[in-house]
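Understanding the architecture of this molecule
Here's the letter readout for the chains.
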Amino acid sequence: MGPYGSDSTTIASAACSGPEMDAILAGAGFGTRLSGPCNVTNASDYSLPFNPSDLTTWVDSMLTDLTSATTANLPPQPIHATWTNQICSPLNPIDHAASHVLMAQQRKEEEDSGIRLVHLLMTCADAVQRDNTGLAASLVDEMRVLLSRVNTLSGIGKVAGYFADALFRRIYTTEVPLSTSEYEVLYHQFYESCPYLKFAHFTANQAILEAFEGYDRVHVIDFSLMQGLQWPALIQALALRPGGPPFLRITGIGPPSPDGRDALREVGFKLAELARSVRVRFAFRGVAANRLDDVKPWMLQATQGEAVAVNSVLQLHRLLTDPATTPAPIDSVLEWIVGIRPKVVTVVEQEADHNKPTFIDRFTEALFYYSTMFDSLEGSRPQHQRQMALAEVYLQKEICNIVCCEGENRVERHEPLAQWQTRLANAGLHPVHLGSNAFRQASMLLTLFSDEGYCVEEVDGCLTLGWHSRPLISASAWRAPDADVSPDDSSVIASNSNNCNIIINSNHNNNNNSSNNVSGSDDNRISV
Amino acid sequence: MGAEQEQEQLEKEKEKEPDENEDTMDRGYNLNDNVDILAEIMARLDGRSLGVAACVCRLWSTVCKQDRVWEALCDRHVIGGAGDPGTRSVVAALGGYRRLYRLCLGPALDRLTCSGETTNSDKQGWAHLSLSLSLSLFSIDCYERLEGKQRPASLLFLCKPVNVA
């Protein structure tokens, strides 16, 4: 499922201790340069000077203006020296005015450098598209020189640095996929440092909760279990449901663990422990699969009479291919999703168009999207430098995948909400309006998180979370038509499979490792 | 002999009584003798005052650490489902009202009140946090603690200083 390889690095995913973090950061190309406090400047200083809706014409104008690769018009060095000298020495009134002028000049230079960097990025991307490797390489070198003079700790400098690095990797090296444990650590840091994933989880949980009303047996299929951070809130909400909690089953899909440690089972244990403490009858099953299209419906053991919810947070886009190629794996997956007749399918995806066929289009879109994303990361100012650095590495991995990889390796194929709506409707799913409860909860969550910049909007019954009116992530809910009809008998097969069939029943407080465990165990309704 | 002795004793006691009455009247009513009334009073305090009260003496510290005191405080600040016995058992299972307030509600309320440059009526509306949201956040914290993490980090975002620039 994505860029997981069977990497032999064993990095503990739980404790994020110093040396381990350094190892991950070093692997991603980070030195230990991020030692000082982050210089959070006003993002608008580095705002790109174009109208977002006019991106294509702007790019065209940039490309036609630059006819040949010229040497960078570097800002003269002495001004930097005098500016710092001025600041260090005591100022008298005359010098005050002079230093203001110098600061304004400094800012103007950095703006110019920012514009120049973007210019260079576009040209380089165009060169890459035309397979003009020589020109691309020289432009990358030029960018590196310019980056050393620009503030790369924030704003356009930082984003440009990542994209320049990605272009460098595309030209010279092959991208190494992350190991599972590394990816989990980065995901966790990203989860904690900005509200996108929390928003996704809470909105999806709300939709699932509403769809499960009135059902006594419920089954949640999670396309990407990770550490199961989404489910404690659902378990708790079901425990407090008027009328009592139902019998909850969770099927978590995740990549197989390389070092024999059964990560899915451990997460299942923890969820079972939590469910036991709040008296919710619970069963867990883990399905290990590297790709979602390896999962077959019979592995999930959906049974009759239970309400099924399918939850996909940032997973469906990995199943897409180049728009021209058909059939895409997404179609077969959507087919079996509809086949198990779910009461609700919650889909959370990035709100971006990173699956365009031409490289320069993708590059431009990604540049704009991740600039906004990095802005929001700085704006919410996470607790630790390390946490923010790791969240940035998480985003950097996405950027590298979009820029460097092609074909099967490119999994970050984000598509905007409108396209997903069409695709899911064509597969036979009906949209479900997310409702005002979800909206209110999301707004309240954002107020808690940070009171600057984030905005929740409702579009066609779907919720989007964005930064300064640019939506960055969208959440929507769907259901199968005639969802009240009982599912096909063919989906009820208690069979063995080579993947791990683990059912952990919390009421018995023991581990049931037998893969012959029949689903729908009625005898487990013992009140604790 | 019995009746005389009894009468003697009664007279002695009558002599004692006025003295004892004076004693109790001098001492006055001591709140520390009535712990349940003390708890009732504590249940009406806000979070910061409870923390201060817990530092007064060992008795007050014990009373202030009772979960029902914090339950009353939490109930005042949430909308929806408060005081439900089902809610109480779930919160107890997740770690108790005191922890809920300390980790979730307290910082969240601080954040909401200081971020509101709104009118008074709006402030009142915002002072009531949704119970479901706070319990959701709390359950994630409980879940992280199950792993034995020393410092579960999922609620740290609530403690971040708010930029009011």
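Residues numbered from 1 in each chain as written. Chains lettered and ligands numbered in written order. Predicted model: local features only at pLDDT ≥ 70, side-chain atom pairs only at ≥ 80, totals over all residues. Heavy atoms only, no water.

1. Some points on the overall build of chain A
Rules: Under the DSSP-based scheme used, a helix requires at least four consecutive residues in state H or I and a strand at least two consecutive residues in state E, with every element numbered from the N terminus. Categorising residues by exposure relies on relative accessible area from a 1.4 Å probe, with only protein chains included: less than 20% of the type maximum marks a residue as buried, more than 50% marks it as exposed, and the intermediate range marks it as partly exposed. In this analysis, two residues are considered to be in contact whenever any of their non-hydrogen atoms come within 4.5 Å of each other. Note on areas: these come from Shrake-Rupley sampling with a 1.4 Å probe, and a residue is covered only by the protein chains present in the view.
In terms of helices and strands, chain A carries 16 helices and eleven strands. Going through the 528 residues of chain A one by one, you find that 55% of them count as buried. Partitioning the contacts of chain A with sequence separation of at least 6, the portion at a separation of at least 24 is 79%. Here chain A displays about 21,500 Å² of accessible surface, and carbon together with sulfur accounts for 53% of that area.

2. Notes on the environment of A:Glu109
Assignment of secondary structure puts A:Glu109 in helix H4 (residues 93-129). Spatially, the C-alpha atoms of A:Glu109 and A:Val150 are 9.1 Å apart, while their sequence positions differ by 41 residues.

3. Section: the side chain of A:His317
Turning to its location among the elements, A:His317 is positioned in the loop between strand S4 (307-313) and helix H12 (329-339). Using a relative accessible area of 0% as the deciding quantity, one classes A:His317 as buried.

4. Some remarks on the UniProt feature "domain: F-box" (unreviewed entry) in chain B
Applicable threshold: UniProt positions are given in the numbering used here, feature names are shortened, and annotations may be inferred rather than shown by experiment.
Under the UniProt annotation, the feature "domain: F-box" (unreviewed entry) is placed at residues 36-75 of chain B. In residues 36-75 of chain B, helix accounts for 75% and strand for 0%; the two terminal C-alpha atoms are 19 Å from one another.

5. Concerning a nonpolar patch on the surface
The condition that has to hold: Each patch is assembled from residues with relative accessible area greater than 30% and no salt bridge, linking like charges that lie within 9 Å and nonpolar side chains (Val, Leu, Ile, Met, Phe, Trp, Tyr) that lie within 5 Å. By definition here, a salt bridge exists when the distance from a side-chain nitrogen of Lys or Arg to a carboxyl oxygen of Asp or Glu is within 4 Å.
A cluster of nonpolar side chains, B:Tyr29, B:Ile37 and B:Ile41, forms an exposed patch at the surface whose accessible area comes to about 310 Å². Here B:Ile37 shows up in helix H2 (residues 35-42).

6. Some thoughts on the packing of aromatic side chains
Residue and element names in this part refer to chain A. To be explicit about the condition: Aromatic rings from Phe, Tyr and Trp, taking only the six-membered ring of Trp, are treated as a pair when their centres fall within 6.5 Å; an angle between ring planes under 30 degrees marks them as stacked, one over 60 as edge-to-face, and anything in between as tilted. By definition, being over a ring means that NZ of Lys or CZ of Arg is both within 6 Å of the ring centre and within 35 degrees of the ring normal.
Tallying each qualifying case throughout the model produces 14 aromatic pairs over all chains. Look at Tyr183 and Tyr187: their rings are 6.4 Å apart centre to centre, the planes differ by 40°, and that puts the pair in the tilted class. Separated by four residues within a single helix, Tyr183 and Tyr187 lie in helix H7 (residues 180-193), roughly one turn from each other. Neither Tyr183 nor Tyr187 differs from the other in exposure class; each is buried. Taking 6.3 Å as the distance between ring centres and 65° as the angle between the ring planes, the aromatic pair formed by Tyr187 and Tyr394 counts as edge-to-face. Here Tyr187, found in helix H7, pairs with Tyr394, found in helix H14 (residues 385-404); they are 207 residues apart in sequence, far enough to count as distant. The same class applies to Tyr187 as to Tyr394, namely buried. Site record: aromatic cluster; members linked through ring pairs are Tyr183, Tyr187, Phe190, Tyr196, Tyr394, Tyr454 and Trp467. Over the ring of Trp420 we find Arg423; its NZ or CZ atom is 5.8 Å from the centre of that ring.

7. Notes on the nonpolar core
Inclusion rule: The criterion is simple. A nonpolar core is a set of buried Ala, Val, Leu, Ile, Met, Phe, Trp, Tyr and Cys residues joined through side-chain atoms within 4.5 Å. What fixes the domain bounds is an automatic or database domain assignment.
Counting residues in hydrophobic clusters, the biggest one holds 138 residues, and the most contacted among them are A:Phe163, A:Leu167, A:Tyr196 and A:Tyr370. Looking at which domains feed residues into this core, each of domain 1 (1-65) and domain 2 (80-165) of chain B gives three or more. Other than its neighbours up to four places away in sequence, A:Tyr370 contacts A:Val159, A:Phe163, A:His354, A:Leu395, A:Glu398, A:Ile399, A:Ile402 and A:His414. With 30 residues, the next largest nonpolar core counts A:Leu319, A:Trp336, A:Ile340 and A:Val345 among its residues.

8. Comments concerning the environment of B:Leu31
All names here are of chain B. You can see Leu31 is positioned in the loop between helix H1 (2-27) and H2. On the basis of relative accessible area, Leu31 is assigned to the partly exposed category, the value being 24%. Separated by 35 residues in sequence, Leu31 and Gln66 place their C-alpha atoms 17 Å apart. Residue contacts for Leu31: discarding those within four places in its chain leaves Ile37, Leu38 and Ile41.

9. Quick look at the pattern of salt bridges
All names here are of chain A. Evaluation of the coordinates by the stated rule reveals 22 salt bridges over all chains. Here Arg130 makes a salt bridge to Asp126, at a shortest N to O gap of 2.6 Å. Owing to a relative accessible area of 11%, Asp126 belongs among the buried residues under this scheme. Between Arg144 and Asp165 there is a salt bridge; the shortest N-O distance is 4.0 Å.

10. With respect to the packing of helix H9 (residues 231-239) of chain A against helix H10 (residues 263-277) of chain A
To characterise two packed helices, one gives the angle between the axes of the helices and the distance between these axes. Residues and elements named next belong to chain A. Heads up, the condition is: Angles shown run from 0 to 180 degrees and are taken between the N-to-C directions of axes, each axis being a line fitted to C-alpha atoms and, for helices, limited to the stretch in contact. Reported orientations rely on four angle classes, namely roughly parallel under 35 degrees, roughly antiparallel over 145, roughly perpendicular from 65 to 115, and oblique for the rest. Crossing handedness: left-handed means the near helix sits turned counterclockwise from the far one by under a right angle, and right-handed means the same turn made clockwise. Just so you know the grouping, Ala, Val, Leu, Ile, Met, Phe, Trp, Tyr, Cys and Pro go in nonpolar, Asp, Glu, Lys and Arg go in charged, and all remaining residues, Gly too, go in polar.
Between H9 and H10, the shortest axis-to-axis distance is 10 Å and the interhelical angle comes to 25°. If you check the angle between H9 and H10, you find them roughly parallel. Both H9 and H10 take part in a crossing whose hand is right-handed. Of H10, the residues touching H9 (which contributes Trp231, Pro232 and Ile235) are Leu271, Leu274 and Ala275. When its residues are assigned to classes, the contact of H9 with H10 shows six nonpolar, no polar and no charged.

11. Description of the confidence of the model for chain A
Selection rule: Each residue carries a pLDDT value, the predictor's own confidence for that position, ranging from 0 to 100.
In the predicted model, chain A carries a mean pLDDT of 75, and 72% of its residues have values of at least 70. Predicted confidence is poor over residues 485-528 of chain A, with pLDDT under 50, and the contacts of this stretch with residues over four places away or in other chains come to 80 contacts.

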